[in-house]
Amino acid sequence: ALGVRLDEALSGRVSCRRFLADAVPLETLSALLRAGYGVERRSGPVMQDRPVPSGGGLYPLELSLLVRAVRGLDAGVYHYVPAAYGLELVRPVELPRAFLAYLFMGQPWVAEAALVCVISFAGGRSLPKYGDRGYRYALLEAGHVMQNLNLAASALGVGCVNLGGFYDDELATLAGIDIEHEIPLYCSALGLPDAEPSDRMDMRALDRGTSP
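Thresholds applied
Residues numbered from 1 in each chain as written. Predicted model: local features only at pLDDT ≥ 70, side-chain atom pairs only at ≥ 80, totals over all residues. Heavy atoms only, no water. 1 Å grid on protein atoms, 1.4 Å probe; cavity = no way out; pocket = protein on both sides within 12 Å on 5 of 7 lines; lining within 4 Å. Points joined across faces, edges and corners; volume = space filled by probe spheres on them. Helix = DSSP H or I, 4+ residues; strand = E, 2+ residues; numbered from the N terminus. Nonpolar A, V, L, I, M, F, W, Y, C, P; charged D, E, K, R; others polar. Disulfide = S-S within 2.5 Å. Buried < 20%, exposed > 50% of the residue type's maximum accessible area, 1.4 Å probe, protein only. Contact = heavy atoms within 4.5 Å. Patch = residues over 30% accessible without salt bridge, like charges linked within 9 Å, V, L, I, M, F, W, Y side chains within 5 Å. Areas by Shrake-Rupley, 256 points an atom, 1.4 Å probe, with all protein chains shown as cover. Salt bridge = Lys/Arg side-chain N within 4 Å of Asp/Glu carboxyl O. Pairing = 2+ DSSP bridges. Axes fitted to C-alpha atoms, helices over the stretch in contact; angles between N-to-C directions.

(A) Quick look at empty space enclosed by the protein. Applying the stated criterion across every chain yields a total of one cavity of 30 Å³ or more. By volume, the largest cavity amounts to about 40 Å³. For the lining of the largest cavity, the element with the highest residue contribution is helix H5 (residues 133-156), accounting for four residues. Taken together, the residues of the lining of the largest cavity break down into five nonpolar, four polar and one charged.

(B) Representation of the state of the cysteines. In the structure shown here, the tally under the stated rule is zero disulfides. The cysteine Cys117 is free of any disulfide, with Cys187 supplying the nearest cysteine sulfur at 7.7 Å. Of all cysteine sulfurs, the one in Cys16 lies closest to Cys160, which takes part in no disulfide; the gap is 7.8 Å. Among the residues examined, Cys160 registers a relative accessible area of 4% and is labelled buried.

(C) Just the environment of Arg91, in detail. Here Arg91 is to be found in strand S7 (residues 86-92). Owing to a relative accessible area of 32%, Arg91 belongs among the partly exposed residues under this scheme. Sequence separation between Arg91 and Val77 is 14 residues, and the spatial gap between their C-alpha atoms is 5.3 Å. In this structure, Arg91 is in contact with Gly76, Val77, Thr173, Leu174, Ala175 and Gly176, ignoring residues within four places of it in sequence.

(D) Quick peek at a nonpolar patch on the surface. Residues Tyr102, Met105 and Tyr167 make up a contiguous nonpolar surface patch of roughly 290 Å² in combined accessible area. Mapped onto the fold, Met105 is located in the loop between helix H3 (97-103) and strand S8 (115-122).

(E) Representation of the pattern of salt bridges in the model. Counted according to the given criterion, the structure contains three salt bridges. As a salt-bridge pair, Arg5 and Asp7 come within 2.8 Å of each other at their nearest N and O atoms. Arg97 is paired through a salt bridge with Glu112; the nearest N and O atoms lie 3.1 Å apart. Of this pair, Arg97 sits in helix H3 while Glu112 sits in the loop between H3 and S8, and the two are 15 residues apart along the sequence. Take Glu112: its relative accessible area is 34%, and that puts it in the partly exposed class.

(F) Molecular detail of the sheet that holds strand S10 (residues 182-191). In spatial order, the strands read S7-S6-S4-S8-S10-S9; together these six strands make up an open sheet with antiparallel pairing. If you trace the sheet from one side to the other, it starts and ends with S7 and strand S9 (159-163), each paired once. With strand direction ignored, the average angle separating the axes of adjacent strands in the sheet is 25°. With four bridges connecting them, strand S4 (residues 61-67) and strand S6 (residues 76-81) associate as antiparallel partners. The partner of Val67 across the bridge, within S6, is Gly76. Taken strand by strand, H5 contacts S4, S8, S9 and S10, and its axis lies near 10° from that of S10.

Dropping the structure here:
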């Protein structure tokens, strides 16, 4: 259980661009993923209920993780498997900070985070039914997933900063995604924060690239 009221999670949600070097506990990561896109229950042999709305109940999104420092996991790239409540290893690999900063278009705080969550869209699940409108539904759904991750992170004392700037092809290759059939949409860098949520002015200064 996340253990805080919704208003507390909302007031604590702020972009974090200063992370500690400490590893995130595996149980914390598990709670984040379950809140973001986990399977809550099955309503039939195929249908799965999750904590976000999805057009036609098709759930066309996938979550991948670029892991630097999670206690109980080796560094590497993982794919979240909600139906099995677990992770599958895509590739064991150390993720150099300089490479991560490059991958996310020079955003230096990404390289300090314990992990990056990548939300991608597997179009084959929803485009046959909805056509081009399926892209709109996927973007809406990705926003729901990210807000859940943000609020769960706030409740669990985890810092996060959402990311829309990255090199699509390189990120897809690293995450083991076939970009012809699955598109990275939205990412979040997560880790233990090195600043209080109320320390907003410092974070705005970091946004401007100046000293606080």
